[in-house]
Amino acid sequence: MPGKTQSGNDATKPTALAKLYLEDGTVLTGTSFGCHKSIEGEVVFCTGMVGYPESLTDPSYQGQILTLTQPMVGNYGVPDRKVIDEYGLPKFFESTKIHAAGLLVQDYSHHYSHWNAVDSLGDWLKEEGIPGLSGLDTRLLTKKIREKGALLGRIEIDLDAPGPDFAKMASPNARHLVDEVSTKEVKIYGKGNPTKVIAVDGGMKFNIIRQLVKRGVELTVVPWNHPFASELKNYDGLFLSNGPGNPTMCDATIKELEKVVNCPDDEVKPIFGICLGNQLMGLAAGGQAKKLPFGNRGQNQPVLNHQTGECYITPQNHGFVIDCDTLKPGWKTLFTNANDGSNEGIAHETRPYFTAQFHPEAASGPTDTEFMFDTFIEACKKPTAKITFPVRDPPPPRPEVKKVLLLGSGGTSIGQAGEFDYSGGQAIKALKEEGVEVVLMNPNIASVQTNSDDKSESKADHVFFLPVTPEFVEEVIKKEKPDGIVISMGGQTALNCAIEMWEAGTLQKYGVRVLGTQVDVVINTEDRQLFSDRLNEINEKIAESYSADTVEEAIEASKKVGFPLMIRSAFALGGLGSGICDDEAHLREMANKALSVAPQILVEKSMKGWKEVEYEVVRDANDNCVTVCNMENFDPLGIHTGESIVMAPSQTLSNEEYHMLRETAVKVVRHLGIVGECNIQYALHPESLEYAIIEVNARLSRSSALASKATGYPLAFVAAKLCLGIPLTEVQNSVTKKTQAAFEPSLDYIVTKMPRWDMSKFLNVSTQIGSAMKSVGEVMAIGRTMEESIQKAIRMVDPSNPGFHPKKRYETLELLKEELEFPTDKRIFAIAQALHEKTLSVDEIYEITKIDHWFLRRLEAIVKVWDEMEQVPLADMSNELMLDAKKMGYSDIQIADSLKGGATEDEVRSKRVGANIMPFTKQIDTLAAEYPAETNYLYTTYHGSEHDIDPGQGGVIVLGSGAYRIGSSIEFDWCGVSCIRTLRKLGYKATMINYNPETVSTDYDECDRLYFEELSRERVLDIYQRDNSDGVVVSVGGQIPNGLAIPLDKAGVKILGTPADMIDNAEDRNKFSGAMDDIGVQQPAWSELTSAESAFEFAAKVGYPVLVRPSYVLSGAAMNVAYNDEQLRTCLGEAAEVSKEYPVVISDFIEGAREIEMDGVGKDGELIAAAIHEHIENAGVHSGDATLVLPPHTISAYTKERVRDASRKIVKRLNITGPVNIQFVAKGTDVMCIETNVRASRSFPFVSKTMGVDYIEAATRAMVNEDTSDMNLPTLDTRDRPNGYVGVKAPMFSFTRLRGADPVLGVEMASTGEVACFGASKEEAFLKSLLSTNFKLPDKNILISVEAALQDKFTHSAWQLHEMGYKLFATRKTAAVLEKNRVPCEVVAYPTDTDAAEPKADDLIRSGEINLVINVPTHKSTKLEDNYRTRRTAVDFGVPLLTNMQLVEMFANSLYKHKQEGLVGLEPKTLFEHYSQEKDGDAWTSPSEFH
């Protein structure tokens, strides 16, 4: 039934087969989805990503079989053919019928969804008698056409018919195609309009008529062979239209044109020609027409204007070109294609004649050159005036910069993670290429950009490991005297710091130029009111909103917009402080919190349920502007884009919507004056063309890193070049190496970004996701259909996810619906359950979630294949079903689980390999195969018929770290990069497999082959076997690669470094503990858990507390300390869930012990490099959350010797080659080993940079058996490193973002990043690193609440704080002890104590009177709710918080020392005075690094 905006349940997948024959001998079989008939034609391709209804009805495709490179076609159906616009033309099409002879696509969407659709693409093709073929490798077709030129082809529905005889087949180009499509009679449009134009119809697109008539033209359209020369005197101008085929056949038109262009001066009338019109004009002017090998057909062709120097992005569709060398005198080239150098338009030197080979009328494609119609009409009104194009303002002179300061982003946190390491590194590379000296400021020691070793090709000249604060930045500027500063590569940290300095006049004072986007422009985008005002100047709209600086103003604004409403914070990152408010009470609470961390909030009308779309935009100083990537959120508005599943390119937008938003993006970015890169986010109404601009980020963001990886277009690299005033047209496309950067990538694949959350790590956290960002990382999956891409992405987020399948069952329909309506991080699994169990239909899920029908239908398609597989055992599974399942993104494990009677992964694999069903390797080349690319950027897909590259010849595969998560962050990326760089330096070919778009390791410049792929046994085996690899490194990417060691080893993969069975001996708690007993290494009493009874018996024997820990986990997942039977019961349940296959061990938990770590490198069981460091916090705080000190400062020589002795024994017992991390606890004379990681740990970058030698380089050399003797490695016996300074690594937490989470530390890890600083003493290094985590030293008032057992111990610190002049506020019991011990303090009431006379602790924090909260609980604490409220309020209101006794002592001691002696490194002034007296020989690490 036509007339529906969505296809119904009755839409069925086409099944009839047909063959495609090409004249070069290629034969492909596909599925017929249009009219089932055989046809012949010339096969061409188009790289546009939207606009199939417009393309198919473009008369220029007459006689051609059109291949679309966009992999999924038919998504938004087809509009109504009967709707007529105001000009009497079919409103949504370019002619009255389909002109293409046939359509070839990779994937056809038989389910469509769009508010403007009435039926499917297949139904329309059938109605018009046009065949369509899907299931073809369209990338293979594109490459063939690219290499051999357009080919004759035949679609054949008789599968048994003999192949066609191409020698006898007539080429459509031999036909007079123009005559076939041109009008047969004279027609007039816009009758009565003032400007009279005669148009020669060679196959004119309707949008040309629309463009002219709406500008006041009465258009007389005449046939191609009409004698128009004699009639021209009756008109104001002549227009020559586009059309198909060979222009030389239009001899009648050319003869008429020759008469016109050679007329006397007093008879001159303006002439404008498009496409075929350009070729006819060129022929009339003496040029020659040549057939291009494959033509230019797409929407992203860059064209240079010779008159103004501008570069336009243009839509094109032509197979012939004019050779300008033979033009008669008086004619000149007007436009040239920036990619292939072919002619794109000519002009007469004195007369108003001009042409364009491209399509200014677009439809489909970008509308950047529509102004040419205005130029033509102006000329018609003033025929004697010179033709002029709108000229942009001349670009400002290029900034003269020799030295640039680059601000980094500091420690990684939620919303600001490793993407800034990638973008900053790219910027350094670009600046160094231009010969600029780079000064980098970034305290994040784990970042690759702060490296200064000789493995880094492009590194900063000077690195300052200092907090990015105005005070420190000013001192760096004074010392280094940079000419310019780059502020857009360090996230919100760098931006906010620069704004503060600019507003204070600091940058101006030292003559430092802000490069790229200027600060006032940034403020215009960050300040919500100014932003709204700037958009109103160009009639663009943002959501109705009002800014508020106080809670009362917010309440007033809510009366105008109504509830529910949205609030946002200005100058914040990742939607911090934003959210949907349902009523006034909710608004008060949210506004209070938001205003505590930001100066201003915005109260905005809620557009929940609208589509969210974003574009990455690049603009240079010459005003050339391109959109590099557009993305569409799977989740509608209401969920922050950082929390959403995102698809690139957009999948459900029509040409009209896509280009409307693109045009707006370009307009807004030009108006704001951004130079470099930015992104613009929209809300788009799901049932109309209404839209609103949500925000513009005038800096590189997380989505810029995603867009760079999704398209292969290195945004940060290009943006850094543009900052120097270099135009886009002079920056090379680093993928093709043949074209330049002023172009818009075309994607022939689909990318899915999926966030990774770690909500389970936190107590009390709200798992609902919304407008504030809580995800800690993200993955990016690449496939050639949405099904393939999204299933990969779900598995990448966590190896325990099988794919799109129910995970934890919702027991009732109510619970399921609640999850869909109020989404948490598990919503995708709820959709899977609804579709698998058939409890809700697609329409019902849509009504609850407003996720577009098209996305839901695609998910339904995944489930339908599961339903088929459930019916058959493996033996009966057909090859077709197997291939179908693989195309749908199913892994071998999923297939094994689905089959009737079950199967194993290996059984499925051997059946699949036996049937030769293997993935194909494809390249990401930015241009959908239109140009040859020498790229090593790869992914695999089952949608294909050929590989893009030959198999590799050996080399080493390095497995990356996967998604950032708590416990596996940027440190492991640093390790991976270090490993690849070492391998390449040693002359090995290095391959990286990783899928994290934020990282440096997934930059294709870093390795010889980059596979953006799953880290699964199946995928690693596919790549290992095809590339004939020599071995795999599993020890530098954290826990995911480590967990693959045994499965890969069993499958015959050569694991480099420590043998796989030894990795298992370390990871398997039971085996490891047994081994420790064997070699006489002391460890806490332990027992393997076989039952709950045995656990309670063990606890009774050793006494509480006890520690429960599963095997094979990272960051202490499900590791818990139990202090009594009840807690133990809870712990056992959790551990069993996490560690199903491996044993759970229970051990004695040692209270009050020091924790010590040894990071080292083994070679054949001997330690060749080592470093011992200790934690400030006692054991019981996860090592990833602890504050590390190197060299250790409190442990005795005896303890150190015990650590050395045990380390040697363990490394020997496990026969370690490569990195190793061993953790100990020490108490009294006991030194016990608690765990060994046979892989790099989070502290490797810290240890490497503190010791001044790269431990991963040493480990890599050891793994490939290369010499390390020249590295000067510190061993267990080295005593003097580091010498003269101390390194302290402090954790970064993101509790502010995790609404409700209790900010207290335990054995499970909670930190999201870290910083490290060096100091002359441990106190100096400690305070410096604390400051780098955005901790502010207190001014006057400190609030204290300490559990009774610690109060006497705490008195010493309290006295120090009192003596330094701080006023202490304490809760009742703490105050009583302090007063007894004669420490003055003021009593405050507990938060729950509503009747108390004294002020309540949480109220004091809210009022802003408290500068530091010290709240130290223990397991004995009884005031749980009060303590939680105090801590949470501190976090919500941005007040520094200390919750650990040893940290409090260290803090008080350090601050005391600073107040007494003045620690040089803490005050920017004293630190830089110290630098000025230093000689190179005094440098701690290297003369170019400053600490």
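Residues numbered from 1 in each chain as written. Predicted model: local features only at pLDDT ≥ 70, side-chain atom pairs only at ≥ 80, totals over all residues. Heavy atoms only, no water.

1. Observations regarding the overall build of the chain
When helices and strands are counted, the chain shows 44 helices and 59 strands. Against the 2.2 N^0.38 benchmark of 35 Å for 1491 residues, the chain shows a C-alpha radius of gyration of 34 Å, consistent with a compact globule. C-alpha atoms of the chain, sized along the principal axes, occupy 110 × 75 × 65 Å. Of the contacts made within the chain by residues no fewer than 6 positions apart, 73% connect residues no fewer than 24 positions apart. On the chain, the mean spot of the 154 positive side-chain charges and the mean spot of the 209 negative ones are 1 Å from each other. (Helix = DSSP H or I, 4+ residues; strand = E, 2+ residues; numbered from the N terminus. Rg over C-alpha atoms; globule rule 2.2 N^0.38 Å. Contact = heavy atoms within 4.5 Å. Lys, Arg positive; Asp, Glu negative; His and termini not counted. Charge placed at Lys NZ, Arg CZ, Asp CG, Glu CD.)

2. Comments concerning the nonpolar core
With 289 residues, the main nonpolar core has L121 and L859 as its most contacted residues. By size, the runner-up hydrophobic cluster in this structure holds 36 residues, among which are I1176, M1450, A1452 and L1455. (Core = buried A, V, L, I, M, F, W, Y, C linked by side-chain atoms within 4.5 Å. Buried < 20%, exposed > 50% of the residue type's maximum accessible area, 1.4 Å probe, protein only.)

3. Quick word on helix 29 (residues 1017-1026)
Note on helix geometry: an α-helix contains 3.6 residues per turn, so any two residues three or four positions apart are oriented the same way. Taking burial as the measure, the 10 residues of helix 29 include 9 buried ones, the bulk of the element. Once helix 29 ends, the next one or two residues include N1028, with phi positive near 50°.

4. Re the side chain of Q740
Here Q740 lies in the loop between helix 19 (715-723) and strand 34 (750-756). Only 2.9 Å separates the side chain of Q740 from the backbone nitrogen of A742, close enough to count as a polar contact. Contact partners of Q740, with chain neighbours within four places excluded, come to P302, A338, N339, L728, T729, V731, Q732 and N733. (Polar contact = N/O pair within 3.5 Å; in protein donor to acceptor, adjacent residues only side chain to side chain.)

5. Description of the environment of F464
Structurally, the position occupied by F464 is in strand 22 (residues 462-464). Owing to a relative accessible area of 0%, F464 belongs among the buried residues under this scheme. A sequence separation of 25 residues divides F464 from V439, and the C-alpha atoms of the two residues are 7.7 Å apart.

6. A look at the sheet that holds strand 24 (residues 513-514)
As summarised here, the arrangement of the 6 strands in space is 24-23-20-21-22-59, forming an open sheet in which the pairing is parallel. Strands at the two margins of the open sheet, each flanked by one partner only, are strand 24 and strand 59 (1489-1490). Pairing of strand 20 (residues 403-407) with strand 21 (residues 437-441) involves 5 bridges; the strand directions are parallel. Looking at strand 21, one finds that L405 is bridged to V439. (Pairing = 2+ DSSP bridges.)

7. What to know about the pattern of salt bridges
Within the structure shown, the criterion is met by 99 salt bridges. Note that D24 is salt-bridged to K144, the shortest N-O span being 3.6 Å. Of this pair, D24 sits in the loop between strand 1 (17-22) and strand 2 (27-32) while K144 sits in helix 3 (residues 138-148); the two residues are 120 residues apart in sequence, bridging distant segments of the chain. Among the residues examined, D24 registers a relative accessible area of 27% and is labelled partly exposed. By sharing partners, the salt bridges in this structure join K792, R795, K886, D892, R909, R912, E1013, E1014, E1018, R1019 and D1022 into a single network. (Salt bridge = Lys/Arg side-chain N within 4 Å of Asp/Glu carboxyl O.)

8. Remarks on the sheet that holds strand 55 (residues 1367-1371)
Within the open sheet, the 5 strands sit side by side as 56-55-54-57-58. Their pairing is parallel. Strand pairing shows two members of the sheet lacking a second neighbour, strand 56 (1386-1388) and strand 58 (1441-1442), which therefore form its edges. Relative to strand 55, strand 54 (residues 1341-1346) is paired through 4 bridges, and the arrangement is parallel. Note that in strand 55 the partner of L1343 across the bridge is F1369. Helix-sheet contacts for helix 39 (residues 1351-1363) involve strand 54, strand 55 and strand 57 (1412-1416), and the interaxial angle to strand 54 is about 175°. (Axes fitted to C-alpha atoms, helices over the stretch in contact; angles between N-to-C directions.)

9. Digging into unusual backbone geometry
With omega at -5°, the peptide bond leading from Y1104 into P1105 counts as cis. Within the secondary structure, P1105 sits in the loop between helix 33 (1092-1102) and strand 44 (1106-1110). For the bond from L1190 to P1191, the omega torsion is 0°, close enough to zero to count as cis. Positionally, P1191 belongs in the loop between strand 49 (1188-1190) and helix 35 (1197-1213). Backbone geometry places K850, a non-glycine residue, at a positive phi of 60°. Structurally, the position occupied by K850 is in the loop between helix 23 (842-849) and helix 24 (853-870).

10. Comments concerning the pairing of strand 51 (residues 1230-1237)
Strand residues, when the strand is regular, have side chains that alternate between the two faces of the sheet. Most of strand 51 sits out of view: 6 of its 8 residues are buried. As defined by bridge partners, strand 50 (residues 1218-1227) adjoins strand 51 across 7 bridges and the pair is classed as antiparallel. Residue V1225 lies in a different strand from strand 51, and its bridge partner there is M1232. Between strand 50 and strand 51, which pair antiparallel in sequence order, lie 2 residues; one of them, G1228, sits at a positive phi of approximately 60°.

11. Observations concerning the packing of aromatic side chains
Within the structure shown, the criterion is met by 28 aromatic pairs. Where Y615 meets Y658, the ring centres are 5.7 Å apart and the plane angle is 65°; that geometry is what we call edge-to-face. Of the two residues, Y615 sits in strand 29 (residues 611-619) while Y658 sits in helix 17 (residues 655-672), which places them 43 residues apart along the sequence. Here the two residues Y615 and Y658 agree in accessibility, since each one is buried. Aromatic side chains Y682 and Y691 sit 5.9 Å apart centroid to centroid with 85° between the ring planes, which places their arrangement in the edge-to-face category. Accessibility assignment for this pair places Y682 and Y691 in one class, buried. Clustering of aromatic rings is evident, with ring pairs tying together F239, F272, Y312, F335, F354, F358, F371, F373, F376 and F389. For K291, the ring lying beneath its charged end belongs to F320, and the centroid distance is 5.6 Å. A cation sits over an aromatic face here: K709 above Y422, 3.9 Å from the ring centre. (Phe/Tyr/Trp six-rings, centres within 6.5 Å; stacked < 30°, edge-to-face > 60°. Lys NZ or Arg CZ within 6 Å of the ring centre and 35° of its normal.)

12. Points about the packing of helix 22 (residues 827-836) against helix 24
Contact geometry for helix 22 and helix 24: axes closest at 10 Å, N-to-C directions at 55°. Classified by the interaxial angle, the pair formed by helix 22 and helix 24 is oblique. The two elements helix 22 and helix 24 meet at a crossing, and its hand is right-handed. For the pair helix 22 and helix 24, contact is made by I828, I831, L835 and H836 and by L856, L859, E860, V863 and W866, respectively. Of the residues belonging to the contact of helix 22 with helix 24, the class tally is 7 nonpolar, 1 polar and 1 charged. (Parallel < 35°, antiparallel > 145°, perpendicular 65-115°, else oblique. Left-handed = near helix turned anticlockwise from the far one by under 90°. Nonpolar A, V, L, I, M, F, W, Y, C, P; charged D, E, K, R; others polar.)

13. Considerations on the environment of D1403
Assignment of secondary structure puts D1403 in helix 41 (residues 1401-1406). Sequence separation between D1403 and T1430 is 27 residues, and the spatial gap between their C-alpha atoms is 9.3 Å.

14. Remarks on helix 39
In this model, helix 39 (13 residues) spans 18 Å end to end at C-alpha, consistent with the 18 Å of a helix rising 1.5 Å per residue. Largest kink in helix 39: about 25°, centred on S1357. For helix 39, every residue scored as buried is listed here: Q1351, F1354, T1355, S1357, A1358, Q1360 and L1361. Buried residues along helix 39 sit against strand 54, strand 55, helix 40 (1372-1380), strand 57 and helix 43 (1445-1461). Downstream of helix 39 by a residue or two, G1365 has a phi angle that is positive, lying close to 100°. (Expected span 1.5 Å × (residues − 1). Bend = angle between axes of the 7 residues up to and from the residue.)

15. Description of the packing of helix 10 (residues 470-480) against helix 11 (residues 491-503)
Working note: a packed helix pair is described by the angle between its axes plus the distance between those axes. Direction vectors running N to C along helix 10 and helix 11 enclose 70°, while the axes themselves pass 10 Å from each other. Classed by the angle they form, the pair helix 10 and helix 11 counts as roughly perpendicular. Where helix 10 abuts helix 11, its residues P470, V473, E474 and I477 lie against C497, E500 and M501. Of the residues assigned to the contact of helix 10 with helix 11, the class counts are 5 nonpolar, no polar and 2 charged.

16. Digging into the state of the cysteines
With the rule as written, the count across this model stands at 0 disulfides. Lacking any disulfide linkage, C723 is separated from the closest cysteine sulfur, that of C678, by 12 Å. (Disulfide = S-S within 2.5 Å.)

17. Quick word on the environment of K91
Tracing the backbone shows K91 in the loop between strand 5 (72-73) and strand 6 (102-104). If near-sequence neighbours (up to four positions away) are discounted, K91 is found in contact with V83, I84, D85 and R210.

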